[in-house]
Amino acid sequence: LIIKPDYGTVSEWIAKYIVQKINLHNGDKPFVLGLPTGSSPLGVYRELIRLYENKKVSFQNVVTFNMDEYIGLEKGHAQSYRTFMEENFFNHVDILPENCHIPDGNSCDINRECIQYEEKILQYGGIDLFLGGVGEDGHIAFNEPGSSLQSKTRIKTLTNDTILNNARFFNNNPSDVPKTAITVGVSTIMSAREVIIIACGHNKARSLKKGVEGSVNQMWTISALQLHPKGIIVCDEDATTEL
Ligand code: GLP
């Protein structure tokens, strides 16, 4: 657990760490980076773009896999996770579009899409570093409370809490939030060689407590990180109030 004073210093620390890993990576095969959406990673993306503009890093040898995507939002929908990633990161750096993987929430065969997503990750030799955020109920990606710690990429029905929480991105209208999503599983995340979870703000204090001091269990999927040999949570002071 790494505690920084505020959101800005959390974001800077993580971006610098990722850049270091990319730059130290053996160039024969691409660096495989798992990425999240949500408000938590926005500061990291801003900082990565700044480091790219200052020529401290290139993403030409980086392949990305996003954690999740809503099912059924039409292509180009402002709130689809693909649009989010393009607007907040991909369009601002030199990453190759064909190297950016996001589950297709409009696939005509969602189950096959999930299986193929896992296969694609394996074809690239697994994920080197998975970055993630955490929900107020401790979920990572869309692994809602009750998700098996052995889960792989699959369809998940969102909990009412998550729908209400994410309604802020849908004009505060919960009925516009998709009810299902494709998400990588807890085990997909834990199979990455390194995992970094961002936990910032008072509203993440309970998740941080459950994740760090609670037992490892499927109701707070962030707790699985305790079993990862290279699992890091980077948080701000505000998130530590229940520790
Ligand atoms: C969604 C995403 C998660 C994210 C969570 C928290 O449920 N699927 O990946 O961690 O929201 O979002 P935020 O970072 O906006 O608090």
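All of these numbers come straight from a predicted model, not from anything done at the bench. (Residues numbered from 1 in each chain as written. Predicted model: local features only at pLDDT ≥ 70, side-chain atom pairs only at ≥ 80, totals over all residues.)

**Things to note about the sheet that holds strand E10 (residues 231-236)**
Here is step 1: The seven strands lie next to each other as E1-E10-E9-E6-E2-E3-E5, forming an open sheet whose pairing is parallel. Edge positions in the sheet fall to strand E1 (2-4) and strand E5 (100-101), since each of these pairs with one other strand and no more.
Here is step 2: Relative to strand E9 (residues 194-199), strand E6 (residues 129-132) runs parallel, the two being bridged by four bridges. Counterpart to Phe130 in the pairing with E9 is Val195. (Pairing = 2+ DSSP bridges. Helix = DSSP H or I, 4+ residues; strand = E, 2+ residues; numbered from the N terminus.)

**Regarding unusual backbone geometry**
Here is step 1: The phi dihedral of Lys55 is positive, around 60 degrees, even though this residue is not glycine.
Here is step 2: One non-glycine residue, Ala141, lies in the positive phi region at around 55 degrees.
Here is step 3: Structurally, Ala141 is set in the loop between E6 and strand E7 (154-157).
Here is step 4: Under the C-beta neighbour-count criterion, Ala141 is labelled buried, with 29 such atoms within 10 Å. (Buried ≥ 20, exposed ≤ 12 C-beta atoms within 10 Å, placed from the backbone.)

**Quick notes on the confidence of the model for the protein chain**
Here is step 1: On average, residues of the protein chain score 97 in pLDDT, and 100% of them reach the 70 mark or higher.
Here is step 2: Interface predicted TM-score (ipTM) for the complex: 0.96; the corresponding pTM is 0.97. (pLDDT = per-residue confidence, 0-100.)

**Here's the deal with the sheet that holds strand E4 (residues 68-70)**
Here is step 1: Read from one edge of the open sheet, three strands run E4-E8-E7, paired in antiparallel fashion. The open sheet has two edge strands, E4 and E7, and neither has a second partner. Between one strand and the next, the sheet's axes are offset by a mean angle of 30 degrees, whatever the strand orientation.
Here is step 2: Taken together, the four bridges between E7 and strand E8 (residues 180-183) define a ladder with antiparallel strand orientation. Bridging across to E8, Arg154 finds its partner in Thr183. (Axes fitted to C-alpha atoms, helices over the stretch in contact; angles between N-to-C directions.)

**What about the site of the ligand?**
Here is step 1: Taken together, 13 residues are adjacent to the ligand, and Gly38, Ser39, Ser40, Gly133 and Gly135 come closest.
Here is step 2: Taken together, the residues of the shell around the ligand break down into five nonpolar, seven polar and one charged. (Near = placed C-beta within 6 Å. Nonpolar A, V, L, I, M, F, W, Y, C, P; charged D, E, K, R; others polar.)

**With respect to the UniProt feature "domain: Glucosamine/galactosamine-6-phosphate isomerase" (unreviewed entry) in the protein chain**
Here is step 1: The positions that UniProt labels "domain: Glucosamine/galactosamine-6-phosphate isomerase" (unreviewed entry) are, in the present scheme, residues 12-224.
Here is step 2: A distance of 25 Å separates the end C-alpha atoms of residues 12-224, which is 32% helix and 15% strand. (UniProt positions renumbered as here; feature names shortened; annotations may be inferred.)

**Quick notes on the UniProt feature "site: Part of the allosteric site" (unreviewed entry) in the protein chain**
Here is step 1: Taking the numbering used here, the UniProt-annotated feature "site: Part of the allosteric site" (unreviewed entry) corresponds to Ser147, Arg154, Lys156 and Thr157.
Here is step 2: Assignment of secondary structure puts Arg154 in strand E7.
Here is step 3: When sequence neighbours within four positions are dropped, the list of residues in contact with Arg154 reads Cys114, Thr183 and Gly185.
Here is step 4: With respect to the secondary-structure elements, Thr157 resides in strand E7.
Here is step 5: You can call Thr157 exposed: it has 12 C-beta atoms within 10 Å.
Here is step 6: Excluding residues within four positions of it along the chain, Thr157 makes contact with Lys179 and Thr180. (Contact = placed C-beta atoms within 7 Å.)

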